[in-house]
Amino acid sequence: MPKALCLLLVLFVALGSVSSATPRELVNVDYKRIIDLYTQLLQLEVRIKVKNVGNRPVTTYLYAQPQNTSKNVAVVLPYEGDTSLQIKKVARVTEPTAVFFEITLANALQPGATTELVIKETHFSRMEPLPRKITLFDDQSVVLRENAQCFSPYETEVCTTTFKLPMTPISYDTVEATARGSVVEYGPFRQLPALSRRFVRLHYVSNTPFVVFKNVTRTVQVSHWGNIAVEDFLRISNEGANLTGEYSRVDYNSWAKNTGKAVLKEAHATLPYSASGVYYLDEIGNISTSNAVRDLSANIVRLRVEPRFHLFGGWSANWVIGYNLPTEDFLRQDVADSEQFVLNVNFGFHFDRIMAEDYTLKVILPEGAKDIQYELPFEIDSVTREKFFYYLDIEGKPVLVFNKKNVLPFHNQVFKVSYRFKQESILIEPFLIFAAFSLFFLLMILLARLNFSFGKEKED
Amino acid sequence: MADQTGTKQSVGVFLQGAAEKWAPAFRMTILLMISILAVIVRVFSVIRFESVIHEFDPWFNYRTSKYLAKEGLYGLWNWFDSESWYPLGRSVGGTVYPGLMTTAGIIYWGLHALSIPVDIRNVCVFLAPIFAAFTAIAAFLLTKEITRRSEAGLIAAFFVAIVPSYMSRSVAGSYDNEAVAIFALVFTFYVFMKAVNTGSLLWGNFAALALFYMVSAWGGYAFIVNIIPIFIVAMFFKKFLRPADDDDLVLRRIYVAYSAFYVIGTFYAMQIPFVGFQAIHSSEHMASHGVFIFLQVYMFISWVRSFITKSAFRMLSRLFILTLVSLLVLGFLFLTFTGKTQWSGRSLTLLDPTYAKKYIPIIASVSEHQATTWSSFFFDLHYLIIFTPVGLYYCLRKPTAAKLFASLYVVLSVYFASVMVRLLLVLAPAVSVMAGIGVSYLFRKFTQAIRSSFEKPAKDKQGRQTTQKKRIPPELAAIGLIFVVYMCSTYAFHATNAGAESYSHPSIILASRDRNGNRFIIDDFRESYYWLRQNTAQDAKIMSWWDYGYQITGMSNRTVLVDNNTWNNTHIATVGMAMSSSEEDAYEICEKLDVDYVLVIFGGFSYYSGDDINKFLWMVRIGGGVFPHIKEEDYYGRGQYRIDQHATPTMLNCLMYKLCYYRFDEVKTDYWKPPGYDTVRGTEIGHKGFKLKRFEEAFTSERWIVRIYKVKPRENRDGLSIRSRSVVSMPEKLSEATLGGPTFKYHKYAHKLTAKRRRAL
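This one's a predicted model, so the numbers in the text were calculated from it and none came from an experiment.

Quick notes on the interface of chain A and chain B
Consideration 1: Counting residues at the interface gives 26 residues for chain A, matched by 29 residues for chain B.
Consideration 2: Both faces considered, chain A and chain B share a buried interface measuring about 2,500 Å² in area, 52% of it formed by carbon and sulfur atoms.
Consideration 3: When the area that chain A buries against chain B is broken down by residue, the three leading residues are Arg249, Val250 and Ile284 of chain A, summing to 28%.
Consideration 4: In this structure, the connection of chain A to chain B is made through five salt bridges.
Consideration 5: Of the charged contacts, one joins Glu246 of chain A and Arg663 of chain B as a salt bridge, the two residues approaching to 3.0 Å between their closest N and O atoms.
Consideration 6: Linking chain A to chain B there are 18 residue pairs in polar contact (both at pLDDT 80 or more).
Consideration 7: Elements with a contribution of two residues or more to the side of chain A that touches chain B: strand E22 (285-286) and strand E25 (316-326) of chain A.
Consideration 8: Here the element with the most residues in the side of chain A that touches chain B is E25 of chain A; it accounts for three residues.
Consideration 9: The residue makeup of the side of chain A that touches chain B, split by class, is ten nonpolar, eight polar and eight charged.

Pasting the structure below:
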């Protein structure tokens, strides 16, 4: 009996936490979903006209995702007009098939008033290649299963879902669908109840290479001698349809455009403008197919890298890309307190349109840095601290290790690491070398002046 | 006037005093600069390409070093490498000279202990240049020990630091045994000379230690264990032919030095698992045993001599020496004929240059085992070969033990270098030392002549002019001096140029220029090796010719059938047979050997001449050596090796041909030429439009240099009832396999038999 009571209490509390926007008070007047399928990442834009039909102002909006696809969502970004809104995940035990987010509105929505919300989502690994194996000449086609209705905890008056495909689809669910060229539209569905869903299946040709970084480790090493060394280890993999049959150099080459269409031939990255000494290699040495251009107008360095071999479906490769940054642009010294430093570097890596499944960022601070604080613009999975021993380190450099799953170009934002460091202590290591050499020479002088022989000193 | 000469003289005295005072400092500075030069002249390869391991053998050494750095010395000792010589494997610890890897490992661990975390690859890449600097210092010491003149030592150090022949094997990235072995060689000679000159037991021990390092680093240590006995025998000859006062003293010193060197050195040599008891019973070591016994006997006789009469002694000694020499020769002959002691194939090739060609094609097939051409002598040694005779003249004019040794070293290594290109490397320090002595001698003579022309003729106490020694006329001396300096500087330019242009190519990376003159990198090897590493199963077996074995295991981390170790001729011959058999037969061999991929190197598309088609005859020869149904004649069309329409059907249908030229006839390599035009052979291929049934193209690099084929699995019910017996069925006795006769007769007729059975079915 007390157990059930407890459960009830928990339920009540859980419900109470979202009581500010019970499904009764809000109604989606118009719910438009536009799904962009041009790349291997699914870009979903939801435009919702919300109306307050209750009798008190509402400050939050509940946003829902189906449970089965929510694990493939990397980012959810709500906007109201141009302002981005606060969002946080909330637990609701009543609906096990859904995941809920609570969006805090910019202004409280008065009774009877309407507002428009825009929610942008990026999904990964939603499409599956079909057929799973293709030859050199085939197009890569994929299958997507996606909700064509609106999955919202509120009732919806009008709902449409638009799929933008790269080409005319091979097949799609035709019920209540209209297709114009490469655009397939479902709906409008009218007067939908809460959490309504109807999964449709689309089969279409997509010749974007379905590449993903399985593993990215970035090391940012700060030296107070004036350099920040950045090095990325990237394991890239093409997860599209695997190559079957013959790989023929006669058929697949630089001038034959109709073979190997879904192949990763090159990747583009943008580095900070002051990056210098860029290198690109793997376990067995330099990869000689890359170039970097310092773009004055855009204030960046454009890096174009080509893998050693073009990545067909099912193939993978490891890359190491590194460069140096000057500390002037990224490391700030406190005006008042000369021992206080703030490091501002980007969290993510630099490849546009490619996601990292497992991302680790290691910030290596100089030996002797204390009171290390950090500030991140978004949530991450874990932060640990460790030591790193580099040239002539005695106690090791402090390292902050950030770990996050599913990192997108969106996460390439500036974050801050602040620490205290005595600027003079950079002289310890040169002094060590100096001392070692002095000791060596002193020893040699001493040895040269000692006579170990038993007999008389020989005359030369 | 008198005052002026006085000041002149005082200035001269002052200068001389200052020079004498500062000479050691100058010497050290110059030697340091030579060492730095030796290092920086070798890093062209890193600047022009990258810090990467070069060529073939270094890849194995690098892989072993990585293993050593991770697992420690005992780990290496016990390492059974299952990635090579599939399915046999290789016990690395017992079949490797561990000196190089251990050196790299010690540097690696030492730096890490000093908290300098260097990468093992960089240690390996830069080991050879650093040891080149050590070699320069060792050459300085050796030359100084020989001539007792440090200026000769400095010139020799300068010569050896940049001699192209040595540079070819010690540029940054050339991580091979020779990189440390040449240092060990020169240093052992230096320490041994020191032992001979001092007659000290301690230096004899040091010489044994130096030998130990040499033995651990390179099979070429046999050179040392033979040249030193030869030198001792030569000293005896000298004693009888040109006796000198101090002969007995020198011989006694040699006795002390050699006894310590031999006993402890042999004992040390046995500690290397790869050498082991070979240090006792192999033919390479026989001379050292013989000379040791001979020395003992000789010293015993000398000792006896002091107790008996001269005539009795003469008779006794003759008897003794005669019996001893005949006993030694007889014993050696007995051991040789009964097979107790054996020369290794490479040593026999040295003694009889035609040996390998006749009996061991696998040794003859290696380009660096070919006889040296005159042009490569000049390219690799340049003007040193002109200065060397001068040094030899100087050394043999008044030979001391050390000078005689140096002369012997030069003469013997000239012979070895003529037999094998590779052994130019042993000659290079010898010639540098000798040329250093020669140039220093020339300098001394010329400058003496010039100086004496300024000095007043010296007068003796009676005021008469002393009879002047015959000197070179000063004008001639000046011209000669300029000429020598010019030649030395030309040598320096040539050496730098050779180092930068010829010897700094990693050979796994090729550089070329496009029509606008821009340099671009051809990276086909690494492209394909990396493809293997990333996109094949972890336990995939790659069949390729043995040249690429080390690179595949090193860069692709995959299992290979044969590699550059070439320890098992039969296994290599099996791969050779597979390559030279028809597709169907080769497929069966591949199946028997669990081959997943076949890798061939093909240069016909992009002018790369060191490819498998050019090496193919060696595969046929080596394969045919063990499996007689492969006949070299079958691959000659109209009397010569060719790939065009006149080639024989055997050639046009063999696996190597098919894998290299598969679909090659569909591309045009040259605008003016027909499709399928091979740019290396300069002909159109003879077999076009064929399909592969058993193999499937899995990868071909951008410029076609590397082609990888997948061995297709059998189709359902394919060959089930037909081939129940094995093609490569192993006989019960191993001796039959080496004879090759009965085993493969079956194979010879197998296809006919199968055809019959197929028809019957």
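With respect to the environment of Asn565 of chain B
Residues and elements named next belong to chain B.
Consideration 1: Inspection of the secondary structure puts Asn565 in the loop between strand E6 (559-560) and helix H25 (569-580).
Consideration 2: Taking the C-alpha atoms as reference points, Asn565 and Ser375, separated by 190 residues in sequence, lie 30 Å from one another.
Consideration 3: Setting aside residues up to four positions removed in sequence, Asn565 forms contacts with Trp85, Arg90 and Tyr550.

Some points on the packing of helix H20 (residues 401-419) of chain B against helix H21 (residues 424-454) of chain B
Residues and elements named next belong to chain B.
Consideration 1: At a minimum axis distance of 8 Å, the contact between H20 and H21 shows a crossing angle of 145 degrees. Note on packing geometry: the crossing formed by H20 with H21 is left-handed. Contact with H20, carried on its side by Ala406, Ser407, Tyr409, Val410, Ser413, Val414 and Ala417, involves Leu424, Val426, Leu427, Pro429, Ala430 and Met434 of H21 and no other residues of that element.
Consideration 2: Tallied by class, the residues present in the contact of H20 with H21 amount to eleven nonpolar, two polar and no charged.

Rules of the game
- Residues numbered from 1 in each chain as written.
- Chains lettered and ligands numbered in written order.
- Predicted model: local features only at pLDDT ≥ 70, side-chain atom pairs only at ≥ 80, totals over all residues.
- Heavy atoms only, no water.
- Contact = heavy atoms within 4.5 Å.
- Buried area = accessible area lost by both parts, 1.4 Å probe.
- Salt bridge = Lys/Arg side-chain N within 4 Å of Asp/Glu carboxyl O.
- Polar contact = N/O pair within 3.5 Å; in protein donor to acceptor, adjacent residues only side chain to side chain.
- Helix = DSSP H or I, 4+ residues; strand = E, 2+ residues; numbered from the N terminus.
- Nonpolar A, V, L, I, M, F, W, Y, C, P; charged D, E, K, R; others polar.
- Axes fitted to C-alpha atoms, helices over the stretch in contact; angles between N-to-C directions.
- Left-handed = near helix turned anticlockwise from the far one by under 90°.

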